[in-house]
Amino acid sequence: MAVNLPLPIPEKLTAVSGIALGHAEAGIRKANRKDVLVMKLANTATVAGVFTKNRFCAAPVQLCKEHLGALKADAPIRALVINTGNANAGTGEAGLANAQETCNALAKLLDCAPTQILPFSTGVILEPLPVDRLVAGLPQAIENLQEDNWYNAAQSIMTTDTQPKAASRQVVINGQTITLTGISKGAGMIKPNMATMLGFLAFDAQVAQPVLEKLTRDVADRSFNCITIDGDTSTNDSFIVVATGTAGVEVASIDTTEYAALYAAVLGLSQELAQMIVRDGEGATKFMTVTIEEGKDAEECRKIGYSIAHSPLVKTAFFASDPNLGRILAAIGYAGVEDLDVSKINLYLDDVWVAKNGGRNPDYQEADGQRVMKQSEITIRVKLGRGKADATIWTCDLSHEYVSINADYRS
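Computed from a predicted model, the values in this text were never measured in an experiment.

What counts and how
Residues numbered from 1 in each chain as written. Predicted model: local features only at pLDDT ≥ 70, side-chain atom pairs only at ≥ 80, totals over all residues. Heavy atoms only, no water. Disulfide = S-S within 2.5 Å. Buried < 20%, exposed > 50% of the residue type's maximum accessible area, 1.4 Å probe, protein only. Phe/Tyr/Trp six-rings, centres within 6.5 Å; stacked < 30°, edge-to-face > 60°. Helix = DSSP H or I, 4+ residues; strand = E, 2+ residues; numbered from the N terminus. Pairing = 2+ DSSP bridges. Axes fitted to C-alpha atoms, helices over the stretch in contact; angles between N-to-C directions. Contact = heavy atoms within 4.5 Å. Expected span 1.5 Å × (residues − 1). Polar contact = N/O pair within 3.5 Å; in protein donor to acceptor, adjacent residues only side chain to side chain. Core = buried A, V, L, I, M, F, W, Y, C linked by side-chain atoms within 4.5 Å.

(A) Seen up close, the state of the cysteines. Counted according to the given criterion, the structure contains zero disulfides. Free of any disulfide, C57 has its nearest cysteine sulfur in C64, 10 Å distant. Take C57: its relative accessible area is 16%, and that puts it in the buried class. Considering cysteine sulfurs only, C64 is the nearest to C103, which forms no disulfide, with 7.3 Å between them. Residue class for C103 comes out buried when judged on its relative accessible area of 0%.

Written out as structure tokens, the structure reads:
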């Protein structure tokens with residue numbers, strides 16, 4: 001059961017002018033489920049993405065990076081195609097050929113070049129992609145193209161997710177309303193760089209390509225690269241931002257008030273979508289925010305935050321509501337910050353001051369720690385006492401159900 005994650009309401013997902021979405025049931029892995037998604041983009045759209053840093057990255061990731069790297073002004077990205085049920089990863093040259101065949105087939109249907117298509121896959125690794133089924137499903141997806149199809153789109157990219165993840169918001173820039181809508185998926189094999197996830201976010205402002213690329217990288221670093229469930233980095237992770245360019249607002253530089261407003265809106269929506277992934281973590285019963293404060297720099301804050309959030313001992317303690325909080329101190333200590341002065345460290349669980357100046361707070365009562373740990377949402381706050389930098393990581397607990405899900409994932 002997802003942790004405090006309400007189902008998205010289709011009527012509250014706002015259409016973004018310049019992007020249409022269509023789904024199909026192609027039987028990629030299982031029958032009678034939405035498993036292919038096509039996103040068709042306006043000619044005015046610009047597209048940017050960040051991808052997994054796993055060296056075993058999947059064939060579609062390799063092709064996406066190639067197509068984005070060879071962008072031409074007169075040949076913009078025209079469509080995205082996503083399949084679930086099969087990751088097309090660990091599939092060698094045949095996998096690359098299948099990803100290319102997918103692009104070729106959709107390009108023919110949309111009358112564009114294959115390099116104007118970005119492919120994405122998610123699902124089981126090391127199995128051949130049934131490309132014939134995927135290609136056969138493309139006409140159905142195109143037939144279903146609609147601007148207000150975001151809810152079906154969110155369903156079409158799910159794997160072990162218990163529910164679709166989607167959200168919308170609007171921001172007023174220069175007196176005009178800019179609409180943003182996004183979807184994400186992911187529940188396991190989640191770790192930064194990036195998490196086992198797909199994220200697609202679109203808005204209708206006009207954004208120059210270099211500006212969009214910076215915005216996407218910076219937003220990813222403060223959203224999808226700040227979540228962890230189990231410490232595994234997937235082969236297929238991708239976060240794509242589309243600026244359809246159909247609205248009257250233009251963002252041509254990062255040194256403008258328009259960029260600041262757009263960045264804040266994109267970051268807020270991306271953090272919401274990223275947190276949805278953690279809330280729906282496989283077997284999750286608790287949502288935990290790990291905040292590291294008073295660090296020397298952001299890098300060491302993130303390093304310590306990840307160390308706490310990745311720790312199986314910390315995560316299982318929270319699942320059991322067991323205030324065995326020395327595990328957090330141990331995770332801080334082995335995070336790899338060599339000159340860390342532990343005598344300055346203060347640790348809090350929500351409002352409970354647990355460790356003071358590197359040792360147990362004399363006023364700390366275990367009953368207070370257990371009270372907090374029984375909550376479904378918990379904040380772990382660490383003050384390092386060595387500077388002004390900070391970082392926040394989002395994670396969940398580790399339960400028996402996580403083991404059960406992953407022991408039976410392919411059935």
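What follows picks up the thread again.
(B) Quick peek at the packing of aromatic side chains. Counted according to the given criterion, the structure contains four aromatic pairs. Consider the rings of Y259 and Y263, whose centres lie 6.1 Å apart with planes at 20°: the pair is stacked. With Y259 and Y263 both in helix α6 (residues 257-279) and four residues apart, the pair spans about one turn of that helix. Residue Y259 is classed as buried on the basis of its relative accessible area, which comes to 7%. Arranged with centres 5.4 Å apart and planes meeting at 20°, the rings of Y348 and W353 form a pair that is stacked.

(C) Main features of the sheet that holds strand β8 (residues 198-203). Pairing in this open sheet of five strands is mixed, and the strands run β3-β10-β8-β7-β6 from one edge to the other. Both edges of this open sheet fall to β3 (46-51) and β6 (165-173), since each of them pairs with a single strand only. Recorded for the sheet is a direction-independent mean angle of 15° between the axes of neighbouring strands. When strand β7 (residues 176-185) meets β8, the two strands line up antiparallel, connected through six bridges. When the sheet's bridge partners are listed, T181 is paired in β8 with A202. Relative to β3, helix α1 (residues 59-69) is tilted by about 140°, and along the sheet it contacts β3 and β10 (238-243). Sheet strands in contact with α6 are β6, β7, β8 and β10, and its direction is about 165° off that of β6.

(D) Seen up close, the sheet that holds strand β15 (residues 359-360). Read across the open sheet, the six strands follow the order β15-β14-β13-β16-β12-β17; overall the sheet is mixed. At either margin of the open sheet sits one strand with a lone partner, and together these are β15 and β17 (389-396). The sheet contact formed by strand β13 (residues 346-349) and strand β16 (residues 377-383) spans four bridges and is antiparallel. Residue pairing in the sheet places Y348 in a bridge with R381 of β16. Of the strands in this sheet, β12 (287-295), β16 and β17 touch α6, which is tilted by about 40° from β17. Together, β12, β16 and β17 form the strand contacts of helix α7 (residues 298-310), whose direction differs from that of β17 by roughly 20°.

(E) Layout of the pairing of strand β4 (residues 79-86). With respect to burial, β4 is a largely interior element, eight of its eight residues being buried. Where strand β2 (residues 36-41) and β4 come together, five bridges link them in antiparallel fashion. Paired with V36 across the two strands is N83, which belongs to β4.

(F) Quick peek at α7. Compared with the 18 Å implied by 1.5 Å per residue over 13 residues, the 18 Å span of α7 between its first and last C-alpha is a close match. Within α7, the full set of buried residues consists of E300, C301, I304, G305, Y306, S307, I308 and A309. The elements touched by buried residues of α7 are β12, α8 (312-319), α9 (326-333), β16 and β17. Its side-chain oxygen 3.2 Å from the backbone nitrogen of E299, D297 forms the N-cap of α7.

(G) Looking closely at the nonpolar core. In this structure, F203, I308 and I380 are the most contacted members of the largest nonpolar core, which totals 80 residues. The dominant element in this core, judged by the number of residues it contributes, is α6, at 12 residues. In contact with F203, not counting residues within four places along its chain, are V16, I178, T179, L180, L212, V241, V242, A243, T244, L262 and V266.

(H) Up close: the side chain of N88. Turning to its location among the elements, N88 is positioned in the loop between β4 and α2 (92-110). Given the relative accessible area of 1%, N88 is considered buried. Here T91 takes part through its side chain, which lies 2.8 Å from a polar atom of the side chain of N88. In contact with N88, not counting residues within four places along its chain, are A58, A59, P60, G95, N98, A99, S121, V124 and L129.

(I) Local environment of unusual backbone geometry. Although it is not a glycine, N174 adopts a positive phi angle of roughly 55°. As for its placement among the helices and strands, N174 is situated in the loop between β6 and β7. Phi is positive for N357, which is not a glycine, with a value near 50°. Within the fold, N357 resides in the loop between β14 (352-356) and β15.

(J) Quick peek at the environment of D35. If you trace the backbone, D35 turns up in the loop between β1 (19-24) and β2. Taking the C-alpha atoms as reference points, D35 and R279, 244 residues apart in sequence, are found 23 Å from one another. A polar contact of 3.0 Å, which involves the side chain of D35, links it to the backbone nitrogen of G27.

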